[in-house]
Amino acid sequence: QFIRILEYLKVNEPTSMLLATGMVLSLFLQTLDAQKKSMAMPGDLLSLFSSYVDFRSKEMDLDLDSFLAQNRLHYESFRKQLHKRTGLSPHQFFLAHKLSLAKQQLANSPNSVERIAEGLGFSSSTYFSRLFRARTGQSPQGFRKGAGFM
């Protein structure tokens, strides 16, 4: 299409100029459309982020900057896309995943709350217990008893 545009421009007539302008505008709109589609959060990006969160689940922090850099993403657009899909910010998504793992361990493991908190990278078991209660409405020990473990 670029060659045809150049040929129209070489003719230097009003109709040729209009045709060239129309083709350039068409290419521009196609580019915008492609860019808009690429900004939508595909399921594979959510899956990729979920895998990254799972990989980082035993760490204290998410290190979101590394994920964004590796995937050439901007924080604000990624945050908006993730929130639109999950209702959570990246950090909330990270904490929700860690708490989900904690629930699994509390229900199926004899490890102490302190050990579970430490294994999931929480700074202290007190912080973990407060966060767990705030998000689930019960203490880790109460959850464990309700799950039938102990």
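Refer to the structure presented above.
Bear in mind the structure is a predicted one, so any value in this text is a computation, not a measurement. (Residues numbered from 1 in each chain as written. Predicted model: local features only at pLDDT ≥ 70, side-chain atom pairs only at ≥ 80, totals over all residues. Heavy atoms only, no water.)

**Student:** Would you mind going over a nonpolar patch on the surface with me for this structure?
**Tutor:** Together, Leu25, Phe28 and Leu29 make up a nonpolar patch on the protein surface, roughly 310 Å² of accessible area in all. Within the secondary structure, leucine 29 is located in helix H2 (residues 14–39). (Patch = residues over 30% accessible without salt bridge, like charges linked within 9 Å, V, L, I, M, F, W, Y side chains within 5 Å. Areas by Shrake-Rupley, 256 points an atom, 1.4 Å probe, with all protein chains shown as cover. Salt bridge = Lys/Arg side-chain N within 4 Å of Asp/Glu carboxyl O. Helix = DSSP H or I, 4+ residues; strand = E, 2+ residues; numbered from the N terminus.)

**Student:** When you look at the nonpolar core in this model, what are you seeing that I'm missing?
**Tutor:** Ranked by size, the top nonpolar core spans 14 residues in total, and within it Phe122, Phe128 and Phe132 carry the most contacts. Elements supplying a minimum of two residues to this core: helix H6 (90–108), helix H7 (113–119) and helix H8 (125–136). Considering each element in turn, this core owes the most residues, five residues, to H6. Those residues in contact with phenylalanine 132 that sit more than four places away from it in its chain are Leu99, Ala102, Lys103, Leu106, Gly137, Gln138, Ser139, Pro140 and Phe143. (Core = buried A, V, L, I, M, F, W, Y, C linked by side-chain atoms within 4.5 Å. Buried < 20%, exposed > 50% of the residue type's maximum accessible area, 1.4 Å probe, protein only. Contact = heavy atoms within 4.5 Å.)

**Student:** What should I look at first to understand the pattern of salt bridges in this one?
**Tutor:** Two side chains bearing opposite charge may form a pair once their charged atoms approach each other closely. Tallied over the entire structure, the rule returns two salt bridges. Between arginine 56 and aspartate 61 there is a salt bridge, with the nearest N and O atoms lying 3.2 Å from each other. By relative accessible area, which is 13% here, arginine 56 ends up buried. Glutamate 76 is paired through a salt bridge with arginine 79; the nearest N and O atoms lie 2.5 Å apart. Here arginine 79 and glutamate 76 lie together in helix H5 (residues 75–86), a separation of three residues that amounts to about one turn. By relative accessible area, arginine 79 is classed as partly exposed at 24%.

**Student:** Explain the packing of aromatic side chains to me, please; I cannot follow it from the model alone.
**Tutor:** Counted by the stated rule, this structure contains nine aromatic pairs. Ring geometry for phenylalanine 49 and phenylalanine 93: centres 5.3 Å apart, planes at 40°, overall tilted. Here phenylalanine 49, found in helix H3 (residues 43–56), pairs with phenylalanine 93, found in helix H6; they are 44 residues apart in sequence, far enough to count as distant. Its relative accessible area of 0% is what places phenylalanine 49 among the buried residues. With relative accessibility at 15%, the residue phenylalanine 93 sits in the buried group. A network of ring pairs unites the aromatic residues Phe49, Tyr52, Phe67, Phe78 and Phe93 as a single cluster. The ring of phenylalanine 122 carries the charged tip of lysine 98 above its face, separated from the ring centre by 4.7 Å. (Phe/Tyr/Trp six-rings, centres within 6.5 Å; stacked < 30°, edge-to-face > 60°. Lys NZ or Arg CZ within 6 Å of the ring centre and 35° of its normal.)

**Student:** Would you take a moment to explain unusual backbone geometry for this structure?
**Tutor:** With glycine set apart, most residues show a phi of negative sign, and most peptide bonds adopt trans. With phi around 60°, asparagine 12 is a residue other than glycine that occupies positive phi space. Positive phi outside glycine occurs at arginine 72, with the angle close to 50°. Summarising the element assignment, arginine 72 is placed in the loop between helix H4 (64–70) and H5. A relative accessible area of 78% places arginine 72 in the exposed class.

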